[in-house]
Amino acid sequence: MAKPIVLIAEELSPATLEALGPDFTVTNVDGTDRDALLKAVVEADALLVRSATQVDAEVLAVAKNLKVVARAGVGLDNVDVKAATTAGVMVVNAPTSNITSAAELAVGLLLASARHIVPANLTLKNGKWARSKFTGVEINDKVVGVVGLGRIGMLVAQRLAPFGVQLIAYDPYVQPARAAQLGIKMVSLDELLEQSDFITVHLPKTAETVGLIGEDALQKVKPSVIIINAARGGIVDELALARALEEKRVAGAGLDVYAKEPCTDSPLFAFDNVVATPHLGASTDEAQEKAGIAVAKSVRLALSGELVPDAVNVQGGVLAPSVKPYLALAEHLGVIAAMLAPNPVARVSVEISGELSQEDVRVLELSALKGVFGALMNDPVSYVNAPLIAKERGVETKLTKKPENEDYRSLLRIKLDTMGGQRVTVGGTVAGPRKIEKLAEINGAEIDVQIGTHHAFYSYADRPGVIGVIGRLLGEAGVNIDNMQVGLLPNSTQAIMVLSLDQEVAPAVNARVANEVGTEMAKVVSLAE
């Protein structure tokens, strides 16, 4: 079997290739060469990029084998996540790879701006000793306002605390009590603007945050304030900041990001009191290595068919160790339920009962939907696009949890309601130290069958001799029965038989069984090995 193809479109750290290992065919392309990229991505199973390669709808349309796009970094401005989701392509990044590097750069920009390090360096190298020109300010006892107290904002605050600063922050999603434990006072944005001697921005770029530090905000700051932006370009309005610097309403700035990049011409570059760097937040050996290793691990998981819970377009939550063995079970039960459904599916309900209900099990709903629609469609179905397919088809979905189960430590049950008004219910569990997947019930009938590759399901009026007839017919066709279980449907004289087989039953053989036994249901289900 050919190895999956991993296409690397930009230079990545050597550690990335080491983390990928020998199980893939690695190819390279210059992602900025559009024609070359479109040609190379056709056969790719995974695409690894940084920030220069544009992964848009056109790229995704030709990449028929693509299962995952991995961005070795934090931002995803160059990846069309919506188009990838529609195509069922997982999008992963390395959200924590550069947080330390970005935080350290923000602190460096703040210090450089406070002490005029850059212009003093240039002046001295040009042969001038101008000590009096570059009198700066101390950070000690100053108020530092952190706009956005996420992971990077928190790291910046922690690193500045030993300088003896007073830390205040604006972030509507952080509880004041939590911030107080870290010595940070939460305030409104207006209070932060009015009180801060230094303002450092650490927000994601969204429709709400673009231009947040703009003309109106810059009218409220101290004229001695120094503003740092090492987050995302556009959050600080660059033209408004240039006006404020020109009118001496702002004392200085340190910038690593810009509204349009690459940026080589900005009115801000004319100010000696602006320290400007070319988006260096993640530009350390350590950050690049962390990013490469992180996305390589995600690619390995994605190409082995496993879920990457922190993929940006998979809403599956945290994958706890106790939940992981049920991931494949949920998909297999979804396939079985879909194959047993006599009419198109209108509703998918996933029910978790017992000990497992105490965990975050949202991922099991995704896996069940993947199984259901994978059985019903010819197009690729993944953890990514399964919810979208359900929505497009008007199929309702529901996840419920029940803390108690009298018969099993944990039971996963999938219920399909069809457009014809019928309901199919399939339940299963994971048993023993080897985590064996087992069918536990079919439409309320108790079953105990290990889930394998090939199964047959027959329902019929319960009477003597049926087992012998089915055994004879399958034997004549050369189909070996590995296991057989028969259960009675509740409040009924109908029996349901589940067979584990060593090969798939041919349609003609299955039709013969249905005819001679007089079955109400005769279904053959094969699961991927």
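For the structure itself, consult the block above.
Since the structure is predicted, the reported quantities are computational estimates derived from the model, not experimental observations. (Residues numbered from 1 in each chain as written. Predicted model: local features only at pLDDT ≥ 70, side-chain atom pairs only at ≥ 80, totals over all residues. Heavy atoms only, no water.)

## Points about the overall build of the protein chain
Here comes step 1: Looking only at helices and strands, the protein chain features 17 helices and 22 strands.
Here comes step 2: Expected size for 529 residues packed as a compact globule is a radius of gyration near 24 Å; at 30 Å, the protein chain overshoots this value by more than 25%.
Here comes step 3: When its C-alpha atoms are laid out on the principal axes, the protein chain stretches across 105 × 50 × 40 Å.
Here comes step 4: A total of 529 residues make up the protein chain; the buried ones form 50% of that total.
Here comes step 5: Relative to all contacts within the protein chain whose residues are 6 or more apart in sequence, the contacts with residues 24 or more apart total 64%.
Here comes step 6: Accessible area for the protein chain stands at about 25,300 Å²; split by element, carbon and sulfur atoms hold 51% of it.
Here comes step 7: A gap of 3 Å separates the mean positions of the 49 positive and 62 negative side-chain charges of the protein chain. (Helix = DSSP H or I, 4+ residues; strand = E, 2+ residues; numbered from the N terminus. Rg over C-alpha atoms; globule rule 2.2 N^0.38 Å. Buried < 20%, exposed > 50% of the residue type's maximum accessible area, 1.4 Å probe, protein only. Contact = heavy atoms within 4.5 Å. Areas by Shrake-Rupley, 256 points an atom, 1.4 Å probe, with all protein chains shown as cover. Lys, Arg positive; Asp, Glu negative; His and termini not counted. Charge placed at Lys NZ, Arg CZ, Asp CG, Glu CD.)

## Here we look at the nonpolar core
Here comes step 1: Counting 76 residues, the largest nonpolar core has L364, L412, L416 and L439 as the members making the most contacts within it.
Here comes step 2: By residue number, the principal contributor to this core is helix α13 (residues 325-340), which donates 10 residues.
Here comes step 3: Beyond its immediate stretch of four places on either side in the chain, L439 contacts L333, I336, V426, G427, G428, I447, D448, V449, I451, F457 and V498.
Here comes step 4: Core analysis: the second largest hydrophobic core is formed by 31 residues, V187, L189, L241 and Y258 among them. (Core = buried A, V, L, I, M, F, W, Y, C linked by side-chain atoms within 4.5 Å.)

## Structural notes on the sheet that holds strand β21 (residues 494-501)
The pairing of strands in a sheet comes from backbone hydrogen bonds and takes either a parallel or an antiparallel form.
Here comes step 1: One open sheet holds the four strands; their spatial order is β20-β21-β19-β22, and the pairing between them is antiparallel. Looking along the sheet, the strands with just one partner apiece sit at the ends: β20 (481-488) and β22 (521-526). Averaged over neighbouring strand pairs, the angle between their axes works out to 15 degrees when direction is ignored.
Here comes step 2: Judged from the seven bridges that link them, β20 and β21 form a sheet pairing that is antiparallel. By the bridge assignment, L488 is partnered in β21 with A495.
Here comes step 3: Packing against the sheet, α13 makes contact with β19 (454-461) and β22, and its axis sits at approximately 145 degrees to β22.
Here comes step 4: Sheet strands touched by helix α16 (residues 466-476): β19, β20 and β21. Its angle to β21, the strand with the most contacts, is close to 30 degrees. (Pairing = 2+ DSSP bridges. Axes fitted to C-alpha atoms, helices over the stretch in contact; angles between N-to-C directions.)

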